[in-house]
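Residue-level structure breakdown
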Amino acid sequence: MDHFFSRFFTVEHILFNLIILAIITLLVDRITLTAGAITMFVFTLFWFLGTSKYKAEKEKKPLVYTARLKRLMVTVLVILGFLWFYMIDIAYRGIQLRDFVAPFINVDPYFLSFGMVVVDIFIPLFLLLSAFLMKPVEKQIQKGFKKQARKKLASLPHLKVIAITGSYGKTSTKFLMDAFLKERVRVCVTPGSFNTPMGICKVINNNLDAHHQVLILEMGARYEGNIKELCEIARPDISVITNVGLAHLETFGSQKAIAREKSTLARELKPGGTLILNSDDPLVKEMAELRNDVKTVFAGSEGKVRISESETDADGTCFKMSVFDDDGNRISKEDFRTRLLGKHIIQNMSIAAAVALEFDIRLKTMAVAASKIEPVEHRLELKERDGLVIIDDAFNSNPVGAKNAVDILASFKSGKKIIITPGMIELGELEDEENQKLGEHIAKAGLDLIILVGDEQTKSIQKGIKKAHNGAAPNMRIANSLFEANDILKEFASPGDVVLYENDLPDTYNS
């Protein structure tokens, strides 16, 4: 609602209508229609040429004009074109032509000006209407893409489909699996966070070739039924479930509902397939009971693949990985060193290793691959900028990942330590509670500067920070946007300092 009054129904709208009302009330009998038309044209020209009110001051990510967006824009233009001609017709019928202006002005300029303001106000509704009208068309287009993807998969009987889901860590684990597997087999993997039906179809239809032996698909879920829809496109031979957290709690309502949705990947696994589960997550471990016609492999402290002696520093993470047989006997062990940051990365690596073992890839081969892995973009990605060490964890954060990122920042031995964050979103009823816990965690980390993006968005974090400091005010600054936060950073930081960007998604909530 705040954005409605700041972006759409604005002060300018009110002033423009007051001008129209003033002219009609005070001047309509004193000026000609030509003069009125020119007056309204000038005001309208300045109004519609100035579009800055619809844009952020800077674009963090430019708008991509996809085919679907273009179809939506054409539909909106058709609606606006219809409204324009309808308004002209009403203005023509309602005008009372006067004296010498009749040959030049044959529509009411005041009504047209008012009509354009009304249309301008309700453009968001026209977008919704256009999306509603185009929904059957988009559904048919998507149906065609899905059919094409299923047909292509059916033509590749040798292909093994690996599907991975989880509340967090699935993208990182996916790329770790890719790194391990491609040492021995030809792999096609969905890029980035392509985990929707159309994202998966695009990869299958455009990127998957006959020479590929393995297809790795990330399957995301925001609502119940999402994973089943994805499995109907590509039913997995190997299902991987990393964890059940609080991500998208706002749409699922409870962690139990999230677990039920994630477990769909186990239920949709092909008979005789392999189910790989994180044994350190109780909700995931329980999913082993869902199937008795598949091979189940655990990765974790009590699983087939286990991690020990882990350490994390500014150069990355090192640990020992061991493989155990069904009787609990160690059958192999290897030292791993990776540039990836965070103790949580070793859990993802153990899950990826469990998948690689299904393809008879040795631990030593995996260790070599791990040493060459580059960080995933915006997920604890280590960078250098203007002499500063940047930990880029800007992808939408979750409670576990956010706390791990703060711990990594605190582990640096040199330079001032700075965090920039707007907190976490999409946690439903637990959002305030989890953000307060994050604030307490940040406060106890001993950081030199805390920059919070958005005063309203970060109220809970501020509360947690002050609680941990017994009400005292630490070195904390509030910024209205990510760009303002960067300006504060420039004033405070110096070469050698370390900066953590933890989740940059919701800063526009407060602009």
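Cut-offs applied
- Residues numbered from 1 in each chain as written.
- Predicted model: local features only at pLDDT ≥ 70, side-chain atom pairs only at ≥ 80, totals over all residues.
- Heavy atoms only, no water.
- pLDDT = per-residue confidence, 0-100.
- Helix = DSSP H or I, 4+ residues; strand = E, 2+ residues; numbered from the N terminus.
- Contact = heavy atoms within 4.5 Å.
- Phe/Tyr/Trp six-rings, centres within 6.5 Å; stacked < 30°, edge-to-face > 60°.
- Buried < 20%, exposed > 50% of the residue type's maximum accessible area, 1.4 Å probe, protein only.
- Lys NZ or Arg CZ within 6 Å of the ring centre and 35° of its normal.
- Polar contact = N/O pair within 3.5 Å; in protein donor to acceptor, adjacent residues only side chain to side chain.
- Patch = residues over 30% accessible without salt bridge, like charges linked within 9 Å, V, L, I, M, F, W, Y side chains within 5 Å.
- Areas by Shrake-Rupley, 256 points an atom, 1.4 Å probe, with all protein chains shown as cover.
- Salt bridge = Lys/Arg side-chain N within 4 Å of Asp/Glu carboxyl O.
- Lys, Arg positive; Asp, Glu negative; His and termini not counted.
- Charge placed at Lys NZ, Arg CZ, Asp CG, Glu CD.
- Pairing = 2+ DSSP bridges.
- Axes fitted to C-alpha atoms, helices over the stretch in contact; angles between N-to-C directions.
- Right-handed = clockwise from strand over helix to strand, strands pointing away.
- Expected span 1.5 Å × (residues − 1).

Thoughts on the confidence of the model for the chain
- For the chain, mean pLDDT is 81; residues scoring 70 or higher make up 81% of the total.
- In the model of the chain, helix H1 (residues 2–8) stands out as the element of lowest mean pLDDT, 50, in contrast to strand E4 (residues 238–241), which has the highest, 96.
- The low-confidence segment residues 506–511 (pLDDT under 50) makes 23 contacts with residues lying over four places distant or belonging to another chain.

Focus on the packing of aromatic side chains
- Within the structure shown, the criterion is met by one aromatic pair.
- Note on Phe319 and Phe336: the rings are 5.3 Å apart at their centroids and 15° apart in plane angle, and the pair reads as stacked. Taken together, the residues span a long stretch of sequence, with Phe319 in strand E8 (residues 316–324) and Phe336 in strand E9 (residues 330–338) at a distance of 17 residues.
- Judged by its relative accessible area of 3%, Phe336 falls in the buried class.
- Positioned above the aromatic ring of Phe175 is the side chain of Lys174, whose terminal nitrogen or guanidinium carbon lies 4.9 Å from the ring centre.
- Looking at Arg306, its charged tip hangs above the ring of Phe324, at a distance of 3.9 Å from the centre.

Side note on the side chain of Lys320
- You can see Lys320 is positioned in strand E8.
- A polar contact is formed between the side chain of Lys320 and the side chain of Asp335, at a distance of 2.5 Å.
- The residues touching Lys320, leaving out its near neighbours within four places in the chain, are Arg306, Ile307, Ser308, Glu309, Lys333, Glu334 and Asp335.

Thoughts on a positive patch on the surface
- Together, Lys135, Lys139, Lys143, Lys147, Arg150 and Lys151 line one region of the surface with positive charge.
- Turning to its location among the elements, Arg150 is positioned in helix H6 (residues 123–154).
- For Arg150, a relative accessible area of 37% puts it in the partly exposed group.

Digging into the side chain of Ser239
- Counting through the fold element by element, Ser239 comes out in strand E4.
- One polar contact links the side chain of Ser239 to the main-chain carbonyl oxygen of Leu265, over a distance of 2.9 Å.
- With sequence-adjacent residues up to four places away left out, Ser239 is seen in contact with Ala163, Leu265, Leu269, Thr274, Leu275 and Ile276.

Brief notes about the environment of Ile442
- Mapped onto the elements, Ile442 comes out in helix H17 (residues 431–444).
- Look at Ile442 and you get buried, because its relative accessible area is 0%.
- Through-space distance from the C-alpha of Ile442 to that of Ala402 is 9.6 Å; in sequence the pair is 40 residues apart.
- In this structure, Ile442 is in contact with Val406, Ile419, Thr421, Leu447, Ile450 and Ile461, ignoring residues within four places of it in sequence.

Topic: the sheet that holds strand E14 (residues 476–479)
- Across the sheet, which stays open at both edges, the six strands sit in the order E10-E11-E15-E12-E13-E14 with mixed pairing between neighbours. Strand pairing shows two members of the sheet lacking a second neighbour, strand E10 (381–385) and E14, which therefore form its edges. Neighbouring strand axes in the sheet, compared pairwise and without regard to direction, differ in orientation by 20° on average.
- When strand E12 (residues 417–421) meets strand E15 (residues 498–502), the two strands line up parallel, connected through four bridges. By the bridge assignment, Ile420 is partnered in E15 with Tyr501.
- Where helix H19 (residues 482–492) meets the sheet, its contacts fall on E10, strand E11 (388–393), E12, strand E13 (449–453), E14 and E15, and the angle it forms with E14 comes to roughly 145°.

Re the pairing of strand E3 (residues 214–218)
- Burial runs high along E3: five of the five residues are buried.
- Of the two faces of E3, the one lined by Val214, Ile216 and Glu218 and the one lined by Leu215 and Leu217 are each fully buried.
- In the classification by handedness, the crossover that spans strand E2 (residues 187–189), the intervening helix H8 (residues 197–206) and the parallel E3 is right-handed.

A short note on helix H14 (residues 344–357)
- Along its 14 residues, H14 runs 21 Å from first to last C-alpha, staying within 8% of the 20 Å computed at 1.5 Å per residue.
- With twelve of 14 residues buried, H14 is to be regarded as a mostly interior element.
- Ile345, Ile346, Asn348, Met349, Ser350, Ile351, Ala352, Ala353, Ala354, Val355, Ala356 and Leu357 are the residues of H14 that are buried.

Observations concerning the pattern of salt bridges
- Scanning all chains against the criterion turns up 20 salt bridges.
- A salt bridge links Glu268 to Lys228, with the shortest nitrogen-to-oxygen separation between them at 3.2 Å. Taken together, the positions of Glu268 in the loop between helix H12 (264–267) and strand E5 (274–278) and Lys228 in helix H9 (residues 226–233) put the pair 40 residues apart, joining distant regions of the chain.
- When its relative accessible area of 40% is taken as the criterion, Lys228 is described as partly exposed.
- A salt bridge links Lys320 to Asp335; the nearest nitrogen and oxygen atoms lie 2.5 Å apart. Separated by 15 residues along the polypeptide, Lys320 in strand E8 and Asp335 in strand E9 bring together distant segments of the chain.
- The exposure class of Asp335 is partly exposed, given its relative accessible area of 48%.
- Through salt bridges with shared partners, a single network forms among Glu381, Lys383 and Asp392.

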